[in-house]
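Residue-level listing of the chains:
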There are 2 protein chains.
Amino acid sequence: MSESRFLEDFAVGQVFAADEEYEMTPERIHAYAAEFDPQPIHLDADAAAKEIFGGIIASGWHSLSVTMRLIVHSNVFGGAPVVGVGVDHLRYLEPVRPGDRLRARAEVIDVRPSRSNQARGYLVLRVTTTRGDGTRVLTQDWTVLVQRRPESPQA
Amino acid sequence: MSESRFLEDFAVGQVFAADEEYEMTPERIHAYAAEFDPQPIHLDADAAAKEIFGGIIASGWHSLSVTMRLIVHSNVFGGAPVVGVGVDHLRYLEPVRPGDRLRARAEVIDVRPSRSNQARGYLVLRVTTTRGDGTRVLTQDWTVLVQRRPESPQA
(Lines give C-alpha, C1' and ligand atoms only; values in the text may rest on other atoms or scores of the structure.)
Protein backbone atom coordinates (compact mmCIF):
# COMPACT_ATOMS: atom_id res chain seq x y z
CA MET A 1 0.00 0.00 0.00
CA SER A 2 1.45 3.34 -1.00
CA GLU A 3 1.03 6.57 0.93
CA SER A 4 -2.33 8.33 0.79
CA ARG A 5 -2.64 11.41 -1.36
CA PHE A 6 -4.40 14.51 -0.05
CA LEU A 7 -6.23 17.31 -1.86
CA GLU A 8 -3.08 19.42 -1.81
CA ASP A 9 -1.26 16.74 -3.86
CA PHE A 10 -3.53 17.22 -6.89
CA ALA A 11 -3.45 19.84 -9.63
CA VAL A 12 -5.51 20.36 -12.78
CA GLY A 13 -3.91 18.58 -15.71
CA GLN A 14 -2.39 15.63 -13.84
CA VAL A 15 -3.06 12.30 -15.54
CA PHE A 16 -3.21 8.88 -13.91
CA ALA A 17 -3.30 5.60 -15.82
CA ALA A 18 -2.46 2.00 -15.06
CA ASP A 19 -0.14 0.18 -17.41
CA GLU A 20 -2.79 -2.49 -17.77
CA GLU A 21 -5.17 -3.73 -20.43
CA TYR A 22 -8.29 -5.75 -19.65
CA GLU A 23 -9.49 -8.13 -22.33
CA MET A 24 -13.25 -8.33 -22.82
CA THR A 25 -13.31 -12.04 -23.57
CA PRO A 26 -16.56 -13.72 -24.67
CA GLU A 27 -16.61 -15.58 -21.34
CA ARG A 28 -16.27 -12.39 -19.27
CA ILE A 29 -18.92 -10.58 -21.34
CA HIS A 30 -21.30 -13.49 -20.85
CA ALA A 31 -20.65 -13.90 -17.12
CA TYR A 32 -21.16 -10.22 -16.33
CA ALA A 33 -24.28 -9.92 -18.47
CA ALA A 34 -25.85 -13.10 -17.09
CA GLU A 35 -25.72 -11.60 -13.60
CA PHE A 36 -26.17 -7.87 -14.18
CA ASP A 37 -27.52 -7.13 -17.67
CA PRO A 38 -29.44 -10.15 -18.95
CA GLN A 39 -30.40 -8.88 -22.40
CA PRO A 40 -30.10 -10.86 -25.66
CA ILE A 41 -27.69 -8.30 -27.21
CA HIS A 42 -25.14 -9.35 -24.56
CA LEU A 43 -25.96 -13.06 -24.28
CA ASP A 44 -27.42 -14.48 -27.50
CA ALA A 45 -25.36 -14.28 -30.72
CA ASP A 46 -28.31 -15.01 -33.01
CA ALA A 47 -30.56 -12.43 -31.41
CA ALA A 48 -27.72 -9.86 -31.23
CA ALA A 49 -26.97 -10.28 -34.96
CA LYS A 50 -30.42 -8.84 -35.75
CA GLU A 51 -30.05 -5.79 -33.50
CA ILE A 52 -28.47 -2.37 -33.98
CA PHE A 53 -24.83 -3.43 -33.46
CA GLY A 54 -24.97 -6.58 -35.61
CA GLY A 55 -23.53 -8.86 -32.95
CA ILE A 56 -22.89 -9.32 -29.27
CA ILE A 57 -21.59 -6.27 -27.41
CA ALA A 58 -20.51 -5.95 -23.80
CA SER A 59 -22.88 -4.39 -21.29
CA GLY A 60 -22.05 -0.72 -20.82
CA TRP A 61 -22.01 -1.37 -17.08
CA HIS A 62 -19.43 -4.07 -17.63
CA SER A 63 -17.11 -1.64 -19.42
CA LEU A 64 -17.75 0.87 -16.60
CA SER A 65 -16.90 -1.76 -13.98
CA VAL A 66 -13.67 -2.59 -15.81
CA THR A 67 -12.89 1.13 -15.96
CA MET A 68 -13.13 1.29 -12.15
CA ARG A 69 -10.68 -1.60 -11.87
CA LEU A 70 -8.20 0.12 -14.17
CA ILE A 71 -8.47 3.45 -12.33
CA VAL A 72 -7.99 1.75 -8.94
CA HIS A 73 -4.88 0.11 -10.40
CA SER A 74 -3.63 3.51 -11.59
CA ASN A 75 -3.14 4.24 -7.88
CA VAL A 76 -4.56 7.74 -8.30
CA PHE A 77 -5.27 8.05 -4.57
CA GLY A 78 -2.32 6.15 -3.19
CA GLY A 79 -3.62 4.18 -0.21
CA ALA A 80 -6.72 6.31 0.39
CA PRO A 81 -10.14 4.95 -0.58
CA VAL A 82 -11.90 6.44 -3.60
CA VAL A 83 -15.09 7.90 -2.12
CA GLY A 84 -17.38 8.70 -5.01
CA VAL A 85 -19.81 11.60 -4.72
CA GLY A 86 -21.21 11.45 -8.23
CA VAL A 87 -20.75 10.95 -11.95
CA ASP A 88 -21.72 13.43 -14.66
CA HIS A 89 -21.58 13.62 -18.44
CA LEU A 90 -21.16 9.87 -18.90
CA ARG A 91 -21.33 9.06 -22.61
CA TYR A 92 -21.27 5.71 -24.37
CA LEU A 93 -19.31 6.56 -27.52
CA GLU A 94 -18.68 3.21 -29.18
CA PRO A 95 -19.74 -0.36 -28.52
CA VAL A 96 -17.28 -2.78 -26.89
CA ARG A 97 -17.11 -6.14 -28.61
CA PRO A 98 -15.69 -9.54 -27.66
CA GLY A 99 -11.89 -9.45 -27.83
CA ASP A 100 -11.58 -5.68 -27.29
CA ARG A 101 -8.84 -4.73 -24.85
CA LEU A 102 -9.72 -1.78 -22.60
CA ARG A 103 -7.49 0.86 -21.05
CA ALA A 104 -8.50 3.79 -18.84
CA ARG A 105 -7.03 7.11 -17.73
CA ALA A 106 -8.11 9.83 -15.31
CA GLU A 107 -7.26 13.51 -15.79
CA VAL A 108 -7.72 16.01 -12.97
CA ILE A 109 -10.05 18.76 -14.25
CA ASP A 110 -10.98 20.49 -10.97
CA VAL A 111 -9.68 20.65 -7.38
CA ARG A 112 -11.69 22.50 -4.75
CA PRO A 113 -11.85 22.61 -0.96
CA SER A 114 -15.19 21.88 0.70
CA ARG A 115 -17.05 25.00 1.84
CA SER A 116 -18.62 23.22 4.81
CA ASN A 117 -15.80 20.99 6.05
CA GLN A 118 -12.24 22.25 6.31
CA ALA A 119 -10.86 18.72 6.47
CA ARG A 120 -12.16 17.76 3.03
CA GLY A 121 -12.23 18.70 -0.59
CA TYR A 122 -13.44 17.56 -3.98
CA LEU A 123 -11.63 16.42 -7.05
CA VAL A 124 -13.20 16.15 -10.49
CA LEU A 125 -11.61 13.53 -12.73
CA ARG A 126 -12.33 13.16 -16.44
CA VAL A 127 -12.18 9.41 -16.94
CA THR A 128 -11.68 8.09 -20.46
CA THR A 129 -11.86 4.44 -21.52
CA THR A 130 -10.30 3.35 -24.80
CA ARG A 131 -10.07 0.10 -26.72
CA GLY A 132 -6.96 -1.38 -28.29
CA ASP A 133 -6.91 0.84 -31.38
CA GLY A 134 -7.10 3.96 -29.20
CA THR A 135 -10.76 4.73 -29.97
CA ARG A 136 -12.57 6.26 -27.01
CA VAL A 137 -15.49 4.08 -25.94
CA LEU A 138 -16.59 5.86 -22.74
CA THR A 139 -16.06 9.25 -21.13
CA GLN A 140 -17.35 10.44 -17.76
CA ASP A 141 -16.56 12.96 -15.02
CA TRP A 142 -16.23 11.67 -11.47
CA THR A 143 -16.52 13.87 -8.41
CA VAL A 144 -14.70 12.27 -5.49
CA LEU A 145 -14.14 13.24 -1.87
CA VAL A 146 -10.53 13.67 -0.79
CA GLN A 147 -9.12 14.51 2.64
CA ARG A 148 -7.07 17.66 3.03
CA ARG A 149 -3.56 17.32 4.44
CA PRO A 150 -3.68 17.66 8.22
CA GLU A 151 -1.94 20.83 9.37
CA SER A 152 1.38 20.43 11.10
CA PRO A 153 1.37 21.16 14.82
CA GLN A 154 2.39 24.75 15.46
CA ALA A 155 6.06 25.21 16.07
CA MET B 1 -39.85 -12.13 -24.75
CA SER B 2 -42.57 -9.52 -24.67
CA GLU B 3 -43.35 -7.08 -27.47
CA SER B 4 -40.96 -4.18 -28.06
CA ARG B 5 -42.02 -0.73 -26.94
CA PHE B 6 -41.54 2.26 -29.20
CA LEU B 7 -41.04 5.95 -28.42
CA GLU B 8 -44.77 6.55 -28.90
CA ASP B 9 -45.51 4.12 -26.05
CA PHE B 10 -43.80 6.30 -23.44
CA ALA B 11 -45.06 9.36 -21.58
CA VAL B 12 -43.57 11.53 -18.86
CA GLY B 13 -44.52 10.22 -15.44
CA GLN B 14 -44.67 6.51 -16.28
CA VAL B 15 -42.87 4.36 -13.71
CA PHE B 16 -41.31 0.95 -14.27
CA ALA B 17 -40.07 -1.32 -11.48
CA ALA B 18 -39.41 -5.03 -11.11
CA ASP B 19 -40.98 -6.84 -8.18
CA GLU B 20 -37.53 -8.04 -7.21
CA GLU B 21 -35.02 -7.41 -4.47
CA TYR B 22 -31.32 -8.20 -4.81
CA GLU B 23 -29.47 -9.02 -1.62
CA MET B 24 -25.97 -7.60 -1.33
CA THR B 25 -24.52 -10.60 0.48
CA PRO B 26 -20.93 -10.48 1.83
CA GLU B 27 -19.95 -13.05 -0.81
CA ARG B 28 -21.39 -11.02 -3.69
CA ILE B 29 -19.77 -7.80 -2.42
CA HIS B 30 -16.43 -9.57 -2.17
CA ALA B 31 -16.62 -11.27 -5.57
CA TYR B 32 -17.56 -8.08 -7.43
CA ALA B 33 -14.92 -5.98 -5.67
CA ALA B 34 -12.17 -8.56 -6.15
CA GLU B 35 -12.65 -8.32 -9.92
CA PHE B 36 -13.72 -4.72 -10.48
CA ASP B 37 -12.98 -2.53 -7.45
CA PRO B 38 -10.12 -4.04 -5.46
CA GLN B 39 -9.94 -1.55 -2.59
CA PRO B 40 -9.64 -2.45 1.12
CA ILE B 41 -12.95 -0.68 1.99
CA HIS B 42 -14.72 -3.37 -0.08
CA LEU B 43 -12.52 -6.39 0.69
CA ASP B 44 -10.82 -6.12 4.09
CA ALA B 45 -12.98 -5.78 7.23
CA ASP B 46 -10.13 -4.60 9.46
CA ALA B 47 -8.96 -1.94 7.02
CA ALA B 48 -12.55 -0.86 6.29
CA ALA B 49 -13.29 -0.41 10.01
CA LYS B 50 -10.73 2.43 10.13
CA GLU B 51 -12.12 4.27 7.11
CA ILE B 52 -14.93 6.80 6.66
CA PHE B 53 -17.85 4.32 6.69
CA GLY B 54 -16.61 2.25 9.65
CA GLY B 55 -16.89 -1.10 7.88
CA ILE B 56 -17.09 -2.83 4.54
CA ILE B 57 -19.34 -1.22 1.95
CA ALA B 58 -20.26 -2.42 -1.53
CA SER B 59 -18.53 -0.87 -4.50
CA GLY B 60 -20.69 1.88 -5.97
CA TRP B 61 -20.25 0.21 -9.36
CA HIS B 62 -21.61 -3.00 -7.89
CA SER B 63 -24.79 -1.25 -6.77
CA LEU B 64 -25.01 0.36 -10.21
CA SER B 65 -24.62 -3.03 -11.90
CA VAL B 66 -27.38 -4.47 -9.72
CA THR B 67 -29.54 -1.47 -10.62
CA MET B 68 -29.16 -2.35 -14.31
CA ARG B 69 -30.27 -5.92 -13.57
CA LEU B 70 -33.35 -4.70 -11.74
CA ILE B 71 -34.28 -2.23 -14.48
CA VAL B 72 -33.86 -4.89 -17.19
CA HIS B 73 -36.17 -7.09 -15.14
CA SER B 74 -38.71 -4.26 -14.92
CA ASN B 75 -39.20 -4.90 -18.65
CA VAL B 76 -39.31 -1.17 -19.36
CA PHE B 77 -38.51 -1.73 -23.04
CA GLY B 78 -40.39 -4.93 -23.62
CA GLY B 79 -38.26 -7.03 -25.95
CA ALA B 80 -36.20 -4.13 -27.35
CA PRO B 81 -32.59 -3.72 -26.24
CA VAL B 82 -31.73 -0.85 -23.91
CA VAL B 83 -29.27 1.23 -25.94
CA GLY B 84 -27.65 3.67 -23.56
CA VAL B 85 -26.54 7.06 -24.84
CA GLY B 86 -25.40 8.49 -21.53
CA VAL B 87 -25.85 8.98 -17.80
CA ASP B 88 -26.09 12.31 -16.00
CA HIS B 89 -26.52 13.54 -12.45
CA LEU B 90 -25.48 10.24 -10.89
CA ARG B 91 -25.25 10.68 -7.11
CA TYR B 92 -24.10 8.25 -4.45
CA LEU B 93 -26.43 9.15 -1.58
CA GLU B 94 -25.81 6.46 1.04
CA PRO B 95 -23.42 3.55 1.39
CA VAL B 96 -24.65 0.01 0.68
CA ARG B 97 -23.60 -2.49 3.32
CA PRO B 98 -23.54 -6.29 3.49
CA GLY B 99 -27.08 -7.62 3.86
CA ASP B 100 -28.79 -4.61 2.27
CA ARG B 101 -31.52 -5.56 -0.19
CA LEU B 102 -31.73 -3.31 -3.24
CA ARG B 103 -34.70 -2.31 -5.36
CA ALA B 104 -34.79 -0.02 -8.38
CA ARG B 105 -37.34 2.00 -10.33
CA ALA B 106 -37.25 4.07 -13.50
CA GLU B 107 -39.49 7.10 -14.07
CA VAL B 108 -39.85 8.64 -17.52
CA ILE B 109 -38.86 12.33 -17.26
CA ASP B 110 -38.47 13.23 -20.95
CA VAL B 111 -39.50 11.82 -24.33
CA ARG B 112 -38.20 13.44 -27.52
CA PRO B 113 -37.86 12.48 -31.18
CA SER B 114 -34.40 12.65 -32.74
CA ARG B 115 -33.84 15.75 -34.87
CA SER B 116 -31.50 13.94 -37.25
CA ASN B 117 -33.16 10.53 -37.63
CA GLN B 118 -36.90 10.20 -38.02
CA ALA B 119 -36.81 6.52 -37.06
CA ARG B 120 -35.47 7.19 -33.56
CA GLY B 121 -35.98 9.11 -30.40
CA TYR B 122 -34.63 9.58 -26.90
CA LEU B 123 -36.06 8.78 -23.54
CA VAL B 124 -34.73 10.15 -20.27
CA LEU B 125 -35.32 7.92 -17.27
CA ARG B 126 -34.72 8.97 -13.66
CA VAL B 127 -33.46 5.78 -12.07
CA THR B 128 -33.61 5.46 -8.29
CA THR B 129 -32.10 2.65 -6.23
CA THR B 130 -33.32 2.05 -2.69
CA ARG B 131 -32.39 -0.32 0.11
CA GLY B 132 -34.76 -2.36 2.26
CA ASP B 133 -35.87 0.48 4.55
CA GLY B 134 -36.75 2.63 1.53
CA THR B 135 -33.73 4.93 1.81
CA ARG B 136 -32.48 6.13 -1.57
CA VAL B 137 -28.89 5.02 -2.12
CA LEU B 138 -28.39 6.08 -5.76
CA THR B 139 -30.07 8.36 -8.26
CA GLN B 140 -29.14 8.91 -11.90
CA ASP B 141 -30.68 10.02 -15.20
CA TRP B 142 -30.27 7.72 -18.19
CA THR B 143 -30.65 8.85 -21.78
CA VAL B 144 -31.54 5.89 -23.98
CA LEU B 145 -32.20 5.45 -27.68
CA VAL B 146 -35.62 4.12 -28.63
CA GLN B 147 -37.01 3.30 -32.05
CA ARG B 148 -40.10 5.14 -33.25
CA ARG B 149 -43.08 3.08 -34.27
CA PRO B 150 -42.90 2.28 -37.98
CA GLU B 151 -45.66 4.04 -39.91
CA SER B 152 -48.47 1.88 -41.17
CA PRO B 153 -48.59 1.38 -44.91
CA GLN B 154 -50.92 3.94 -46.52
CA ALA B 155 -54.42 2.68 -47.02
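Analysis parameters
- Residues numbered from 1 in each chain as written.
- Chains lettered and ligands numbered in written order.
- Predicted model: local features only at pLDDT ≥ 70, side-chain atom pairs only at ≥ 80, totals over all residues.
- Helix = DSSP H or I, 4+ residues; strand = E, 2+ residues; numbered from the N terminus.
- Buried ≥ 20, exposed ≤ 12 C-beta atoms within 10 Å, placed from the backbone.
- Contact = placed C-beta atoms within 7 Å.
- Nonpolar A, V, L, I, M, F, W, Y, C, P; charged D, E, K, R; others polar.
- Pairing = 2+ DSSP bridges.
- Axes fitted to C-alpha atoms, helices over the stretch in contact; angles between N-to-C directions.
- Parallel < 35°, antiparallel > 145°, perpendicular 65-115°, else oblique.
- Expected span 1.5 Å × (residues − 1).
- Least-squares fit on C-alpha atoms with pLDDT ≥ 70 in both.
- Arc of directions from axis to C-beta.
- pLDDT = per-residue confidence, 0-100.
- Core = buried A, V, L, I, M, F, W, Y, C linked by C-beta atoms within 7 Å.

Overview of the overall build of chain A
Okay, so step 1: Each helix and strand counted, chain A has 4 helices and 6 strands in total.
Okay, so step 2: Element order for chain A, N to C, with α for helix and β for strand: β-β-α-α-α-α-β-β-β-β.
Okay, so step 3: Viewed in the frame of its principal axes, chain A has a C-alpha envelope of about 70 × 30 × 25 Å.
Okay, so step 4: Counting over 155 residues, chain A shows a buried share of 35%.
Okay, so step 5: Here the contacts in chain A between residues at least 6 apart in sequence split such that 70% fall between residues at least 24 apart.

Overview of the interface of chain A and chain B
Okay, so step 1: Each side of the interface is counted separately: chain A has 28 residues, and chain B has 28 residues.
Okay, so step 2: For the side of chain A that touches chain B, the elements supplying multiple residues, two or more each, are helix H1 (26-36), helix H4 (60-73) and strand E3 (83-92) of chain A.
Okay, so step 3: With 10 residues, the top contributor of residues to the side of chain A that touches chain B is E3 of chain A.
Okay, so step 4: Class assignment of the residues belonging to the side of chain A that touches chain B gives a composition of 16 nonpolar, 6 polar and 6 charged.
Okay, so step 5: Note: E3 of chain A against strand E3 (residues 83-92) of chain B, 4 bridges, orientation antiparallel. Opposite valine 87 of chain A, over in E3 of chain B, you have leucine 90 of chain B as the bridge partner.

Looking at the environment of glutamine 147 of chain A
Residue and element names in this part refer to chain A.
Okay, so step 1: Examined against the element boundaries, glutamine 147 turns out to sit in strand E6 (residues 136-147).
Okay, so step 2: On the neighbour-count criterion, glutamine 147 (19 C-beta atoms within 10 Å) is partly exposed.
Okay, so step 3: With 143 residues separating them in the primary sequence, glutamine 147 and serine 4 have C-alpha atoms 9.4 Å apart.

Side note on the packing of H4 of chain A against helix H4 (residues 60-73) of chain B
Okay, so step 1: Where H4 of chain A meets H4 of chain B, the closest approach of the two axes is 10 Å, and the angle between their N-to-C directions is 175°. Classified by the angle between their axes, H4 of chain A and H4 of chain B sit roughly antiparallel to one another. Across the interface between the two elements, Trp61, Leu64, Ser65 and Met68 of chain A from H4 of chain A touch Trp61, Leu64, Ser65 and Met68 of chain B from H4 of chain B.
Okay, so step 2: Residues that form the contact of H4 of chain A with H4 of chain B fall into these classes: 6 nonpolar, 2 polar and no charged.

Brief notes about H4 of chain A
Okay, so step 1: Helix length check: H4 of chain A (14 residues) gives 20 Å between terminal C-alpha atoms against 20 Å at 1.5 Å per residue, within 8%.
Okay, so step 2: With respect to burial, H4 of chain A is a largely interior element, 13 of its 14 residues being buried.

With respect to the relation of the copies chain A and chain B
Okay, so step 1: Rotating chain A by 180° and translating it 0.0 Å along the rotation axis places it on chain B, where the RMSD comes to 0.0 Å. On the angle and the small slide along the axis, the relation comes out as a two-fold axis. When each C-alpha of chain A is compared by its distance to the rotation axis, aspartate 88 of chain A comes out closest, at 2.3 Å.
Okay, so step 2: Comparing interface residues between copies, 100% of those in chain A also sit at the interface in chain B, which points to an isologous, same-surface contact.

Remarks on the pairing of E6 of chain A
All names here are of chain A.
Okay, so step 1: Pairing of E3 with E6 involves 7 bridges; the strand directions are antiparallel. Residue pairing for E6: aspartate 88 is matched across the bridge by aspartate 141.
Okay, so step 2: Pairing of strand E5 (residues 120-130) with E6, which is carried by 11 bridges, proceeds in the antiparallel orientation. Pairing of arginine 126 across the sheet is with aspartate 141, part of E6.
Okay, so step 3: Between E5 and E6, which pair antiparallel and follow one another directly, the connecting turn spans 5 residues, one of which, glycine 134, has a positive phi of 90°.

Remarks on helix H1 (residues 26-36) of chain B
Okay, so step 1: Listed as buried for H1 of chain B are Ile29, Tyr32, Ala33 and Phe36 of chain B. End-on, the buried residues of H1 of chain B take up no more than an arc of 95°, which puts them together on one face. What points out from H1 of chain B, more than 90 degrees from its buried face, is the exposed set Glu27 and Ala34 of chain B.
Okay, so step 2: In this structure, the buried side of H1 of chain B is in contact with H4 of chain A together with helix H2 (40-43) and H4 of chain B.

Considerations on the confidence of the model for chain A
Okay, so step 1: Predicted confidence across chain A gives a mean pLDDT of 93, with 96% of residues reaching 70 or more.
Okay, so step 2: Model confidence for the complex: the whole-complex pTM is 0.94, and ipTM, which rates the interface, is 0.94.

A closer look at the nonpolar core
Okay, so step 1: Core analysis: the biggest nonpolar cluster contains 72 residues, and Ile71 and Leu102 of chain A together with Ile71 and Leu102 of chain B have the highest contact counts within it.
Okay, so step 2: When neighbours within four sequence positions are excluded, leucine 102 of chain A is seen to be in contact with Glu21, Tyr22, Met24, Ser63, Val66, Leu70, Val96, Thr129 and Arg131 of chain A.

Details of the pairing of E5 of chain A
Residues and elements named next belong to chain A.
Okay, so step 1: In this sheet, E5 lies alongside strand E4 (residues 101-113) in antiparallel orientation, the contact comprising 10 bridges. Each residue of the ladder has a partner; that of valine 111, found in E5, is leucine 123.
Okay, so step 2: Between E4 and the antiparallel strand that follows it, E5, lie 6 residues.

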